[in-house]
Amino acid sequence: MTPAARVNGLGTTIFTEMTALAVRTGAINLGQGFPDSDGPAEVIDAAVAALRGSENQYAPLPGVPALREAVLEHQRAYYGLEPEDVLVTFGATEAIAAAILGLCDPDDEVVIVEPYYDSYAACIAFAGAQRRTVTLRPPEFALDPDALRAAVTPRTRVLLLNSPHNPTGLVLSRGELGAVAEVCIEHDLICLSDEVYEHLVYEGVHIPPATLPGMAERTLTVSSLGKSFSFTGWKIGWCSGPAELVAAVRTIKQFLTFAGGTPLQHAAAVALRLPGTYLESLRDSLRAKRDQLCAGLAAAGLQPLVPAAAYFVNADVGQDAAQFCATLPERYGVVAIPTSAFYDDKQAAPTLVRFAFCKRERVIAEAAGRLAGLEA
Ligand SMILES: Cc1ncc(COP(=O)(O)O)c(C=O)c1O
């Protein structure tokens, strides 16, 4: 089977479908996770200055030095990490794709935690590798260490982890990460850690897996500008970690896209060097939006599961979520996504719906007002 046929077998990405539905019906789009306001003006100014300052040709394959240095500084300042190497990529998505393509042989297994960001399964399919899933179940969405152990076989090469987690908002605790580290070390796994929501944590703290004993040497950490600085359309991402793992990603990346977004890479370096107060205020404002949407959903008779992190709240709608979401735009002018879209096991959370809260307060208020009609 061709990679395209394998990926087609996974179904088309639901975001495209739901965003098209939002455009067609004029509904408020709480489906896809992107903010509806720009990131910091200084960062936009830096991008404009780079565009005007002739930073318009290919960047070096590893990324522009200023951004690579800023990523190293960030890892050191926030987590005390000293990665051996850094590679700039076309969003976290390219880092994940190139990592899986670079590190997995056909028929190797990759363990992922479901529900999962939809590119994971596709990238595993590109590589001809197999995915094995560990299921997070509502309402706690706790990671069961026994289930994790059971998913690992002698063919497992990579554990692809995502904390803070989309779409549940789960933030793995030190204890849970300790169990993850134990499994990785015992089975000599590479940990591919997707940390794009690292700065959007409202309860608890984000602990990068690479900070656990014995993990820095086997962890490739991935993150990006999109969520932390509200520039999802720029697609500037990076990975960092042991030289050998970063080299494997670079080997693939050079023939996927080589290097791009040169002026935006310069601006991303400025973003990462903004004072920490920027990230604190973004976090505070998103926490308030989370609370606003949760209150609106509860008032509409839905049952929100309040997330500790990221952009999304899952609410129990007490009926088949896929059907609920298919008719929601026409009936109430709101687009949302059935959480089952992120699961292989469609019965794990059949009545949950994912709503994004990374929107302006008046948009959330309008959506909540429309949903209030559900009770009628
Ligand atoms: C868990 C997760 N990883 C990666 C990404 C994509 O990151 P980027 O836009 O930097 O490619 C997303 C975007 O929604 C995500 O939710």
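Look up a bit, the structure's there.
Note that the coordinates shown come from a computational prediction; the quantities given were computed from them, not determined experimentally.

K.L.:
Just to check I follow, could you spell out the packing of helix 4 (residues 65-79) against helix 11 (residues 262-272) for this structure?
P.N.:
What describes two packed helices is the angle between their axes and the distance between those same axes. Direction vectors running N to C along helix 4 and helix 11 enclose 25°, while the axes themselves pass 8 Å from each other. Here helix 4 is positioned roughly parallel relative to helix 11, judged by the angle of their axes. In this structure, the crossing between helix 4 and helix 11 has a hand that is left-handed. Across from Ala66, Leu67, Ala70, Val71 and His74 in helix 4, the residues of helix 11 making contact are Gln265, Ala268, Ala269 and Leu272. Classifying every residue of the contact of helix 4 with helix 11 gives 7 nonpolar, 2 polar and no charged.

K.L.:
What is the right way to read unusual backbone geometry from this model?
P.N.:
The bulk of non-glycine residues show a negative phi, and the bulk of peptide bonds are trans. With omega at 0°, the peptide bond leading from glutamate 114 into proline 115 counts as cis. Its location among the elements puts proline 115 in the loop between strand 3 (109-114) and helix 6 (119-126). Geometrically, the link from proline 138 to proline 139 is a cis peptide bond, its omega value of 5° lying close to zero. Tracing the chain through its elements places proline 139 in the loop between strand 4 (130-135) and helix 7 (145-151).

K.L.:
I'm lost on the sheet that holds strand 7 (residues 219-224) in this one. Help?
P.N.:
Adjacent strands of a sheet pair through backbone hydrogen bonds, lying either parallel or antiparallel. Across the sheet, which stays open at both edges, the 7 strands sit in the order 2-8-7-6-5-3-4 with mixed pairing between neighbours. Of all strands in the sheet, those with a lone pairing partner are strand 2 (85-90) and strand 4, marking the two edges. For this sheet the average axis-to-axis angle between neighbouring strands, irrespective of direction, equals 20°. Its contacts with the sheet put helix 10 (residues 243-256) on strand 2, strand 6 (190-194), strand 7 and strand 8 (236-241), and the angle it makes with strand 2 is roughly 30°.

K.L.:
I keep staring at the environment of leucine 101 and nothing clicks. Help me out?
P.N.:
Relative to the helices and strands, leucine 101 is located in helix 5 (residues 91-103). Placed 26 residues apart in sequence, leucine 101 and alanine 127 show a C-alpha to C-alpha distance of 5.2 Å. The residues contacting leucine 101, other than those within four sequence positions of it, are Phe126, Ala127 and Ile252.

K.L.:
So what exactly am I meant to see when it comes to the environment of isoleucine 190 here?
P.N.:
If you trace the backbone, isoleucine 190 turns up in strand 6. For isoleucine 190 and arginine 157, which are 33 residues apart along the polypeptide, the C-alpha to C-alpha distance reads 6.3 Å.

K.L.:
When you look at helix 10 in this model, what are you seeing that I'm missing?
P.N.:
Counting along an α-helix, one turn takes 3.6 residues, and residues three or four places apart therefore face a common direction. For helix 10, spanning 14 residues, the distance from its first C-alpha to its last is 20 Å, which sits close to the expected 20 Å at 1.5 Å a residue. Taken together, the buried positions of helix 10 are Leu245, Val246, Ala248, Val249 and Lys253. Viewed along the axis of helix 10, the buried residues span an arc of 155°, placing them on a single side of the element. Facing away from the buried side of helix 10 by more than 90 degrees, the exposed set consists of Glu244 and Phe255. Lining the buried residues of helix 10 we find strand 2, helix 5, strand 6, strand 7 and strand 8. Directly beyond the C-terminal end of helix 10, a positive phi value near 55° is found at phenylalanine 258.

Cut-offs and rules
- Residues numbered from 1 in each chain as written.
- Predicted model: local features only at pLDDT ≥ 70, side-chain atom pairs only at ≥ 80, totals over all residues.
- Heavy atoms only, no water.
- Axes fitted to C-alpha atoms, helices over the stretch in contact; angles between N-to-C directions.
- Helix = DSSP H or I, 4+ residues; strand = E, 2+ residues; numbered from the N terminus.
- Parallel < 35°, antiparallel > 145°, perpendicular 65-115°, else oblique.
- Left-handed = near helix turned anticlockwise from the far one by under 90°.
- Contact = heavy atoms within 4.5 Å.
- Nonpolar A, V, L, I, M, F, W, Y, C, P; charged D, E, K, R; others polar.
- Pairing = 2+ DSSP bridges.
- Expected span 1.5 Å × (residues − 1).
- Buried < 20%, exposed > 50% of the residue type's maximum accessible area, 1.4 Å probe, protein only.
- Arc of directions from axis to C-beta.

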